[in-house]
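Observations on the three-dimensional arrangement
Here is how the chains run, residue by residue.
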Amino acid sequence: MKCSFCGQNEAVLVRAYSGEKLCKKCFLKAVEDRVRTTIAEYGMFAFDDRILVAVSGGKDSIGVLHVLVGIERRFPKARLLAVSIDEGIRGYRDEALRIAVENCKLLGVEHSVLSFDSLFGVTLDEVVQKARKLPSAKRLGSCAYCGVLRRRALDLAAKKLKVDVLVLGHNLDDVVQTYLLNIVHGDVWRVRHFGAVSMDSDGRFVRRVRPFCLVPERETAFYAYLKNVKFQSVACPYAGEALRNDARYWLNRLEQRHAGSLFAVFRSFEKIGKAMVQQEREFGVCKRCGEPCPAAEDACVACKSLEKLGVF
Ligand code: SF4
Ligand code: ZN
Ligand code: ZN
């Protein structure tokens, strides 16, 4: 089976969603090209940005770091930094942190580590212990605590290191799973915080971008493998509890039966997120009744009408 890109080498991967067959060389280039196109399509970086990559030690964050180091070489005014968050998960994070340190050293990227313990005075293991004592109705899953604290830790790291943008290694599968989980949890508004670029552009949080968001997980794993990149393979001891596993299983089945579904779901949620942001921009809040009103106005049509009628 020949590569459909170069027509010469033997293919090592078939993309079910496009029918393309790729040899090793063309596959590596195709992933890097897709990241480049994604960065350009969403305007992820400025030429002189200070860029912070969140490196967990897993295949995606390490992979994205390798791709960005290659791209950064062409932008001498940009600066690439890396940070790892040590959640305090005994027997799990140690290996991941070692791998993160090794990769950053290899690539010449300045790397720092922040821990839950130093920032919040508690490790994730301790949080989980405390949570287990709560009545089940008040208790969240380990990943929910971990996610909230990690987001805060990354924001603090971004502020401390004075960066313009934070890079997350989430791949296409991760992003679509999160969309689905937000729907399951009833957090539809979070749609705009997830995707290629988090759409909370009000300046309160550092901008978050996901250059791997259009690369399926199968390809990020294969990319890391073919590049001979060292990454952590041990799963987090709390991962088994996650609702995310069910979402992953369901979405994998969908993708297997209907190749290309993940891309379609991604684009659909992106449209929903944009529409939400658009709506927020177009609507302000009426100062009299608190209901939405055109952003340029200070009162809604109903209040203005009643005011004109002398009711108020
Ligand atoms: Fe945290 Fe859950 Fe990921 Fe483990 S699997 S590192 S608990 S988010
Ligand atoms: Zn080829
Ligand atoms: Zn009103």
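Above this text is the structure in question.
1. Quick notes on the overall build of the chain
Secondary structure assignment for the chain yields eleven helices and nine strands. Taken along the three principal axes of its C-alpha coordinates, the chain extends 80 × 50 × 45 Å. Counted over contacts in the chain with a minimum sequence separation of 6, partners at least 24 positions apart contribute 68%. The positive charge centre, built from 50 side chains, and the negative charge centre, built from 37, are 2 Å apart in the chain.

2. What to know about helix α5 (residues 124-132)
Taken together, the buried positions of α5 are Leu124, Asp125, Val127, Val128 and Ala131. One side of α5 holds all its buried residues, which, seen down the axis, span an arc of 160 degrees. As for α5, its buried residues are in contact with α4 (116-120) and α6 (142-160).

3. Considerations on the nonpolar core
Phe27, Val53 and Phe266 are the most contacted members of the largest nonpolar core, which has 54 residues in total. Apart from the residues lying within four places of it in its own chain, the contact partners of Phe27 are Leu13, Leu22, Glu219, Phe222, Tyr223 and Leu226. Counting residues in each nonpolar core, the second largest holds 28 residues, with Phe116, Val127, Leu149 and Val206 among its members.

4. Concerning the pairing of strand β5 (residues 110-115)
Taken together, the six bridges between strand β4 (residues 79-86) and β5 define a ladder with parallel strand orientation. Bridge pairing links Ile85 to Leu114 in β5. Each parallel crossover has a hand, and the one from β4 via helix α3 (residues 93-107) to β5 is right-handed.

5. Concerning the packing of helix α2 (residues 59-72) against α3
Two elements in contact, α2 and α3, have axes separated by 11 Å at closest approach and are oriented at 10 degrees. Here α3 runs roughly parallel to α2, going by the angle between their axes. Contacts between α2 and α3 involve Ile62, Leu65, His66 and Val69 on the former and, on the latter, Ile99, Ala100, Asn103, Cys104, Leu106 and Leu107.

6. Things to note about the coordination of the zinc ion (ligand 3)
Distances from the zinc ion (ligand 3) to its protein donors, Cys286 (SG), Cys289 (SG), Cys300 (SG) and Cys303 (SG), fall at 2.1 to 2.4 Å. Note that the zinc ion (ligand 3) binds four donor atoms; their angles at the metal cover 96 to 117 degrees, and the shape is tetrahedral. Along the chain, the residues donating to the zinc ion (ligand 3) are arranged with the sequence spacing C-x2-C-x10-C-x2-C. Taken as a pair, Cys289 in the loop between β8 (283-285) and β9 (292-294) and Cys303 in helix α11 (residues 301-308) lie far apart in primary sequence, 14 residues in all. The class for Cys289 is partly exposed, based on a relative accessible area of 37%. The class for Cys303 is buried, based on a relative accessible area of 4%.

7. Focus: the site of ligand 1
Residues in close proximity to ligand 1 include Ile89, Leu124, Cys143, Cys146, Arg150, Cys236, Tyr238 and Ala239, which together make up its full environment. Among the elements that make up the shell around ligand 1, the one with the highest residue count is α6 (three residues). The residue inventory of the shell around ligand 1, partitioned by class, reads seven nonpolar, no polar and one charged.

Here is what the cut-offs are and how they apply
Residues numbered from 1 in each chain as written. Chains lettered and ligands numbered in written order. Predicted model: local features only at pLDDT ≥ 70, side-chain atom pairs only at ≥ 80, totals over all residues. Heavy atoms only, no water. Helix = DSSP H or I, 4+ residues; strand = E, 2+ residues; numbered from the N terminus. Contact = heavy atoms within 4.5 Å. Lys, Arg positive; Asp, Glu negative; His and termini not counted. Charge placed at Lys NZ, Arg CZ, Asp CG, Glu CD. Buried < 20%, exposed > 50% of the residue type's maximum accessible area, 1.4 Å probe, protein only. Arc of directions from axis to C-beta. Core = buried A, V, L, I, M, F, W, Y, C linked by side-chain atoms within 4.5 Å. Pairing = 2+ DSSP bridges. Right-handed = clockwise from strand over helix to strand, strands pointing away. Axes fitted to C-alpha atoms, helices over the stretch in contact; angles between N-to-C directions. Parallel < 35°, antiparallel > 145°, perpendicular 65-115°, else oblique. Donors = N, O, S within 2.8 Å, 3.2 Å for Na, K, Ca; no water. Tetrahedral: all angles 85-135°; square planar, octahedral: opposite > 155°, others 65-115°. Near = heavy atom within 4 Å. Nonpolar A, V, L, I, M, F, W, Y, C, P; charged D, E, K, R; others polar.

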